[in-house]
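# Tertiary structure, described
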Amino acid sequence: MSRRTPRLFAATLAVAALALGACAEKTSDTPAAGGGSSATAAFPVTVGKLTLDKRPEKIVSLAPSATEMLFAIGAGKQVTAVDDNSNHPADAPKTDLSGFSPNAEAIAGKSPDLVVISDDRNKIVEQLTTLKIPVYLTPAATTLDDTYRQITELGALTGHATEAADVTKRMKDDIAKLVADLPKRAEKLTYYHELGPELYTATSKTFIGSLYAMAGLENIADPSDADGKNGGYPQLSQEVIVKADPDFIFLADTKCCQQSADTVKARAGWAGVTAVRNNQIVALDDDIASRWGPRVVDLLKAIVDATAKVPA
């Protein structure tokens, strides 16, 4: 996970779809790419309002999820620089470029022929467009379909349409198998997903929450944001969590905030919570739990594997 605070992470995901909707390079049409790998892909390629006359060979990615997508579809060799939070895969060309405070001059210094970002901060899209640098936006996904679309469009833009199709198919197949193998339960298991020790969480209306719903779990946070005023990311109180008595606690703040089963067990008043009593506190990988790239399959598997240990 990036080294931002959990509160900023929650706020970022909560507003991303609304704040960036007008800027995103969206299209309801099939990307105008010749199907195939980089060797056979036809250019120019158009995705939304963005047209590339030739395959980009100097891609700068300022979004960790996009970085993971680019490498997953085989475009890694075309990526010449990534932001300071893009830590997967390990050989991604990490720099001090920032996706949270993007600097047009610093980005232009990398001589990119395509820049991929998730947020239009500092009006960076306008600045880069003025410099005639193509920009593709990958705003925070709200559904798995958003993830599949971004992978598909990146495949078209980079000349890896076939590889992108393979990635999305593999993801869909893996997710379908995980869901098909779920045990049948008379009652749903309940859970609390922690974004940070300040007790910010995500409801079922969020991208993260949708994965738990696919795993057949019930979110204790849903009543706390029934009106949607918190954008799906409410801050709960200890009293609410303890009273809800979740069967599972999933921690997405193990790296950024050093939370663990031990720190949760040490919280005053939490000893009687079912998840604590039954040692059903699951430490997630912060990075995987905060991104919407190909590794969402890993997140869903972690959830399914943890809950499968409870007898149906």
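Note that the coordinates shown come from a computational prediction; the quantities given were computed from them, not determined experimentally.

Calculation criteria
Residues numbered from 1 in each chain as written. Predicted model: local features only at pLDDT ≥ 70, side-chain atom pairs only at ≥ 80, totals over all residues. Heavy atoms only, no water. Helix = DSSP H or I, 4+ residues; strand = E, 2+ residues; numbered from the N terminus. Buried < 20%, exposed > 50% of the residue type's maximum accessible area, 1.4 Å probe, protein only. Contact = heavy atoms within 4.5 Å. Areas by Shrake-Rupley, 256 points an atom, 1.4 Å probe, with all protein chains shown as cover. Pairing = 2+ DSSP bridges. Axes fitted to C-alpha atoms, helices over the stretch in contact; angles between N-to-C directions. Salt bridge = Lys/Arg side-chain N within 4 Å of Asp/Glu carboxyl O. Parallel < 35°, antiparallel > 145°, perpendicular 65-115°, else oblique. Nonpolar A, V, L, I, M, F, W, Y, C, P; charged D, E, K, R; others polar. Left-handed = near helix turned anticlockwise from the far one by under 90°.

Right, let's get into the overall build of the protein. If you tally the helices and strands in the protein, you get 12 helices and 10 strands. Across the 312 residues that make up the protein, the buried fraction comes to 51%. Across the protein, the fraction of contacts at a sequence separation of at least 24, relative to all contacts at a separation of at least 6, is 63%. For the protein, the computed accessible surface area is about 13900 Å², with 52% contributed by carbon and sulfur atoms.

In this section: the sheet that holds strand β6 (residues 135–137). The 4 strands lie next to each other as β4-β3-β5-β6, forming an open sheet whose pairing is parallel. Two strands bound the open sheet, and with one partner strand each, they are β4 (79–82) and β6. On average, each strand axis in the sheet is inclined to that of its neighbour by 20°, with strand direction left out of account. Here strand β3 (residues 59–61) runs beside strand β5 (residues 114–117); their pairing, made up of 3 bridges, is parallel. Across the sheet, the residue bridging to Ser61 is Val116, located in β5. Contacts from helix α5 (residues 144–158) reach β3, β5 and β6 within the one sheet, and its direction differs from that of β6 by about 165°.

This part is about the pattern of salt bridges. Within this structure, the stated rule accounts for 13 salt bridges. Among the salt bridges present, the one from Lys301 reaches Asp305, with a minimum N-O distance of 2.7 Å. Placement of both Lys301 and Asp305 in helix α12 (residues 296–307) is noted, with a separation of 4 residues, approximately one turn of the helix. Since its relative accessible area comes to 41%, Lys301 is described here as partly exposed.

Our focus in this paragraph is the packing of helix α6 (residues 161–180) against α12. What describes two packed helices is the angle between their axes and the distance between those same axes. Running from amino to carboxyl end, α6 crosses α12 at an angle of 10°, the nearest separation of the two axes being 10 Å. If you check the angle between α6 and α12, you find them roughly parallel. Two secondary-structure elements touch here, α6 through Met171, Asp174, Ile175 and Leu178 and α12 through Val296, Val297, Leu300 and Lys301. Of the residues contributing to the contact of α6 with α12, the split by class is 6 nonpolar, no polar and 2 charged.

Interaxial distance between helix α7 (residues 207–214) and α12 falls to 9 Å at its minimum, and their mutual angle equals 50°. In this view, α7 runs oblique relative to α12, as classed from their interaxial angle. For the pair α7 and α12, the sense of crossing is right-handed. On the side of α7, the interface is formed by Phe207, Leu211 and Tyr212, while α12 contributes Val296, Leu299, Leu300 and Ile303. Grouping the amino acids of the contact of α7 with α12 by side-chain chemistry returns 7 nonpolar, no polar and no charged.

Our next topic: the environment of Tyr148. Its place among the elements puts Tyr148 in helix α5. Residues Tyr148 and Trp292, 144 residues apart in the sequence, show an inter-C-alpha distance of 9.6 Å. When residues no more than four places from it in sequence are discounted, the contact partners of Tyr148 are Thr168, Met171, Lys172 and Ile175.

Moving on, we get to unusual backbone geometry. Only a minority of non-glycine residues have a phi that is not negative, and only a minority of peptide bonds are not trans. With an omega of 10°, the peptide bond between Phe43 and Pro44 qualifies as cis. For Pro44, the location among the structural elements is in the loop between α1 (6–20) and β1 (45–47). Notably, Ser111 is not glycine yet its phi reads approximately 50°, a positive angle. Structurally, Ser111 is set in the loop between α3 (104–108) and β5. On the basis of relative accessibility, which here comes to 44%, the residue Ser111 falls in the partly exposed class. For Asn279, which is not a glycine, the phi torsion comes out positive at approximately 55°. Note that Asn279 resides in the loop between α10 (274–277) and β10 (281–283).

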